[in-house]
Amino acid sequence: MAQYVTRVGTGFDVHAYAVGNFIWLGGVRIPADRGVIAHSDGDVALHALTDALLGAIADGDIGTHFPPSDERWRGAASDQFLAHAVSLVRARGGRIDHLDITVLAEAPRIGQHREAIRARIAEIAGVPLTSVSIKATTTEKLGFVGRAEGLAAQATATVRLPETDAASFPPREQQA
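Because the structure is predicted, anything quoted here is derived from the model rather than measured. In this convention, every chain numbers its residues from 1, walking through the sequence in written order. Two thresholds apply to this predicted model, a pLDDT of at least 70 for residue-level local features and 80 or more for giving and counting side-chain atom pairs, whereas whole-chain, interface and lining totals are computed over all residues. Excluding hydrogens and water, the side-chain values take into account all heavy atoms of the structure.

Peer 1: Would you mind going over the pattern of salt bridges with me for this structure?
Peer 2: Pairs may arise between side chains of opposite charge once their charged atoms sit close together. We define a salt bridge as a contact between a side-chain nitrogen of Lys or Arg and a carboxyl oxygen of Asp or Glu at a distance within 4 Å. According to the stated counting rule, one finds eleven salt bridges in the structure shown. Note that Asp 70 is salt-bridged to Arg 72, the shortest N-O span being 2.7 Å. The buried label applies to any residue whose accessible area, calculated with a 1.4 Å probe on protein chains only, is under 20% of its type's maximum; exposed applies above 50%, and partly exposed to all values in between. Owing to a relative accessible area of 62%, Arg 72 belongs among the exposed residues under this scheme. Ionic pairing is found between Glu 149 and Arg 147, a salt bridge with its closest N-O pair at 2.8 Å. Glu 149 gets classed as partly exposed once you look at its relative accessible area, which sits at 38%. Within this structure, Asp 79, Arg 120 and Glu 123 form a network of salt bridges that share partners.

Here it is in structure tokens:
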């Protein structure tokens with residue numbers, strides 16, 4: 001039986017608000033009184049979660065895999081970024097135990113969208129709904145979030161990797 005080592009990765013993303021009438025959050029289109037400025041669809045939750053998974057397997061960040069300088073990713077749906085990170089975890093024999101996201105925003109309120117977001121993330125990641133948590137908070141009117149200039153998300157991913165594989169994968173820059 002394989003021995004596993006638990007890895008935890010974190011991610012953070014932020015986008016400024018712009019003219020628009022919806023935002024993407026956790027793979028769900030949410031009506032809003034504005035949109036966001038972004039190279040892709042600007043889904044802060046999926047971007048932070050992608051970075052958390054990549055961090056847990058020590059494989060760079062979202063910009064390493066999907067550089068904003070590459071026009072292929074202009075307007076891209078962020079679900080493909082998360083799906084890619086999930087595929088890298090699985091390619092190493094890893095198991096995703098838990099995905100946890102906190103959205104920082106004054107608006108829109110996510111309470112009525114929480115279960116749809118959880119379900120979408122569980123679907124993309126191929127994990128049970130009970131392995132996905134999403135929370136939201138304001139910043140009590142402090143900082144750029146409090147001034148309603150943008151929104152942010154932070155995420156944590158807990159994964160298990162086979163003990164032999166966890167030590168045998170060199171950092172991306174050393175892979176040929």
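Still more ground to cover, so stick around.
Peer 1: Explanation requested: a nonpolar patch on the surface in the structure shown.
Peer 2: Patches draw on residues past 30% relative accessible area with no salt bridge. Two like charges within 9 Å are joined, as are two nonpolar side chains (Val, Leu, Ile, Met, Phe, Trp, Tyr) within 5 Å. Only the protein chains shown count as cover for residues, and the accessible areas themselves come from Shrake-Rupley with a 1.4 Å probe. Nonpolar side chains collect at one region of the surface, where Phe 12, Val 14 and Phe 144 lie side by side and expose about 250 Å² of accessible area between them. The numbering of helices and of strands both runs from the N terminus, where a helix is a DSSP run of H or I of at least 4 residues and a strand a run of E of at least 2. Within the fold, Phe 12 resides in strand β1 (residues 4-18). Assessed through its relative accessible area of 47%, Phe 12 is described here as partly exposed.

Peer 1: Could you clarify how one ought to interpret the packing of aromatic side chains in this entry?
Peer 2: The geometry of an aromatic ring pair comes down to the distance between the two centres and the angle between the two planes. What counts as a ring pair is set by centres within 6.5 Å for rings of Phe, Tyr and Trp (its six-membered ring), and what kind of pair is set by the plane angle: stacked under 30 degrees, edge-to-face over 60, tilted for all other angles. Under the defined criterion, the tally for this structure stands at four aromatic pairs. A ring pair is formed by Phe 22 and Trp 24, whose centres lie 6.4 Å apart and whose planes are at 90°; its orientation type is edge-to-face. Here Phe 66 and Trp 73 contribute two aromatic rings whose centre-to-centre distance is 4.8 Å and whose plane-to-plane angle is 85°, an arrangement assigned as edge-to-face. Feature note: the residues Phe 66, Trp 73 and Phe 81 constitute an aromatic cluster, connected by ring pairs. A ring is considered to have a charge above it if a Lys NZ or an Arg CZ atom is located within 6 Å of its centre and within 35 degrees of its normal. The ring of Phe 22 has Arg 29 lying over it, and the distance from NZ or CZ to the ring centre is 3.6 Å. Its end group placed over the ring of Tyr 4, Arg 160 keeps NZ or CZ at 5.8 Å from the ring centre.

Peer 1: How should the pairing of strand β5 (residues 95-104) be read in this particular structure?
Peer 2: Along any regular strand the residues' side chains alternate between the sheet's two faces. Note: β5 against strand β7 (residues 150-162), nine bridges, orientation antiparallel. Within the sheet, the bridge partner assigned to Leu 99 lies in β7 and is Ala 157. Bridge count for β5 against strand β6 (residues 132-137) is six bridges, and the pairing is parallel. Residue pairing across strands places Leu 99 opposite Val 132, the latter belonging to β6. Crossover handedness for the path β5 to helix α4 (residues 114-125) to β6: right-handed. Only strands that DSSP links by at least two bridges are regarded as paired with each other. Crossover handedness is defined here as right-handed if the route from the first strand over the helix to the second strand goes clockwise, with the strands pointing away from the viewer.

Peer 1: Can you help me understand helix α3 (residues 79-91) in this one?
Peer 2: One turn of the α-helix equals 3.6 residues, which is why residues spaced by three or four share an orientation. Helix span, as expected, comes to 1.5 Å for every residue beyond the first. Helix length check: α3 (13 residues) gives 18 Å between terminal C-alpha atoms against 18 Å at 1.5 Å per residue, within 8%. By the burial criterion, the buried members of α3 are Phe 81, Leu 82, Ala 85, Val 86, Leu 88 and Val 89. Seen along its axis, α3 keeps its buried residues to an arc of 155°; they face one direction. We call two residues contacting when some pair of their heavy atoms lies within 4.5 Å. Summarising the contacts, the buried residues of α3 are in contact with α1 (44-56), α2 (62-65), β5, α4 and β7. One or two steps after α3, the chain reaches Gly 93, where phi turns positive at roughly 80°. Regarding the arc, it is the one traced by the directions from the helix axis to the C-beta atoms.

Peer 1: It is not clear to me how the sheet that holds strand β4 (residues 35-36) should be interpreted in this structure. Could you clarify?
Peer 2: Spatially, β4-β1-β7-β5-β6 is the arrangement adopted by the five strands of the open sheet, whose pairing is mixed. Looking at strand neighbours, the two that pair on one side only are β4 and β6, the edges of this open sheet.

Peer 1: When you look at the packing of α3 against α4 in this model, what are you seeing that I'm missing?
Peer 2: In helix packing, the relevant descriptors are the interaxial angle and the interaxial distance, both defined with respect to the helix axes. To define axes, lines are fitted to C-alpha atoms, for helices over the stretch in contact only, and angles between the resulting N-to-C directions are given on a 0 to 180 degree scale. One can describe the packing of α3 onto α4 by two numbers: an axis separation of 9 Å at closest approach and a directional angle of 45°. Regarding the angle of α3 to α4, the classification is oblique. Together, Asp 79, Leu 82, Ala 83, Val 86 and Arg 90 of α3 and Arg 120, Ile 121, Ile 124 and Ala 125 of α4 make up the contact between the two elements. Three classes are used, and their members are as follows: Ala, Val, Leu, Ile, Met, Phe, Trp, Tyr, Cys and Pro are nonpolar, Asp, Glu, Lys and Arg are charged, and the others, Gly among them, are polar. A breakdown of the residues in the contact of α3 with α4 according to their chemical character gives six nonpolar, no polar and three charged. Convention used here: angles under 35 degrees read as roughly parallel, angles over 145 as roughly antiparallel, angles from 65 to 115 as roughly perpendicular, and any remaining angle as oblique.

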